[in-house]
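# Coordinate analysis (summary)
If you want the building blocks of each chain, they are given just below.
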Amino acid sequence: MQISTRFSIAVHTLLCIAYFSPETKVTSAFVAASVNANPVVIRRAFGQLKDGGLIKVEKGVGGASLARPAQEVTLLDVFRATESVEGDLFGFHAHPNEDCPVGRNVHAVLDEELAAAQAALEGRLAQTTLADLLDRLAACRAREDAEAPSGA
């Protein structure tokens, strides 16, 4: 199983919005250039982030802005807005064979592990805010500036 790219694209989108606005109109075309994706993909991300209460989007070419401060947006918020996971993250095959000792007991031995894995993922995502990622981005930029040849 692999989580779709919607999540990472949405985080990239939010970072662009937070980093560049309000000095720059952050449109789907603008973000698409950073993500290196079709603007339609970004408009879809805008829609999910807007529906999730994470961004505001002005009609036309008005651009996008954060709906709440970056320190109040967690990666779990982004995950919930972009990944259409209702309830359990891990699906389970229907109707294991009750006549088989494995099929009859598979839920008893596996359900707790899957629930713990989902709780761990959600707990970790809840610990990181958009502001944390912006701080890391600033550190990356400072490192790039320090490593750039002088006079360049």
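As shown above, the structure is provided for reference.
Attention in this report is confined to the structure presented alongside it.

This part takes up the pairing of strand E2 (residues 63–66). Where strand E1 (residues 55–58) meets E2, four bridges bridge the pair, whose relative direction is antiparallel. Bridge pairing in E2 places Val57 opposite Ala64. With antiparallel pairing between neighbouring strands as the criterion, E1 and E2 make up a hairpin whose turn holds four residues, including Gly60 at a positive phi of roughly 70°.

Note that an α-helix has 3.6 residues per turn; residues three or four places apart therefore point the same way. Spanning 13 residues, helix H3 (residues 39–51) covers 18 Å between terminal C-alpha atoms, matching the ideal 18 Å at 1.5 Å per step. Buried residues of H3: Ile42, Ala45, Phe46 and Leu49, and no others. Projected onto a plane normal to the axis of H3, the buried residues spread over an arc of 105° and lie on a single side. Structurally, the start of H3 carries an N-cap: the backbone nitrogen of Val40 is 2.8 Å from a side-chain oxygen of Asn38. Gly53 lies just past H3 and shows a positive phi near 75°.

Next up on the list: helix H4 (residues 75–82). Across the eight residues of H4, six count as buried, placing the element largely inside the fold. Of all the residues in H4, the buried ones are Leu75, Leu76, Val78, Phe79, Ala81 and Thr82. At its buried positions, H4 is contacted by helix H1 (6–20), H3, helix H5 (101–127) and helix H6 (130–147).

Packing of H1 against H6 leaves a shortest axis separation of 10 Å and a crossing angle of 75°. The angle between H1 and H6 falls in the class roughly perpendicular. Two secondary-structure elements touch here, H1 through Val11, Leu14, Leu15, Ala18 and Tyr19 and H6 through Leu130, Leu133, Leu134, Leu137 and Arg141. Each residue belonging to the contact of H1 with H6 can be placed in one class, and the counts come to nine nonpolar, no polar and one charged.

Under the definition given, this model contains three salt bridges. The shortest N-O distance in the salt bridge between Arg68 and Asp77 comes to 2.7 Å. Note on Arg68: relative accessible area 25%, which makes it partly exposed. With a closest N to O distance of 3.6 Å, Arg141 and Glu144 form a salt bridge. Of this pair, Arg141 and Glu144 both sit in helix H6, separated by three residues, roughly a single helical turn. Classification of Glu144 by relative accessible area gives partly exposed; the value is 48%.

Reading the values: the criteria
Residues numbered from 1 in each chain as written. Predicted model: local features only at pLDDT ≥ 70, side-chain atom pairs only at ≥ 80, totals over all residues. Heavy atoms only, no water. Pairing = 2+ DSSP bridges. Helix = DSSP H or I, 4+ residues; strand = E, 2+ residues; numbered from the N terminus. Expected span 1.5 Å × (residues − 1). Buried < 20%, exposed > 50% of the residue type's maximum accessible area, 1.4 Å probe, protein only. Arc of directions from axis to C-beta. Polar contact = N/O pair within 3.5 Å; in protein donor to acceptor, adjacent residues only side chain to side chain. Contact = heavy atoms within 4.5 Å. Axes fitted to C-alpha atoms, helices over the stretch in contact; angles between N-to-C directions. Parallel < 35°, antiparallel > 145°, perpendicular 65-115°, else oblique. Nonpolar A, V, L, I, M, F, W, Y, C, P; charged D, E, K, R; others polar. Salt bridge = Lys/Arg side-chain N within 4 Å of Asp/Glu carboxyl O.

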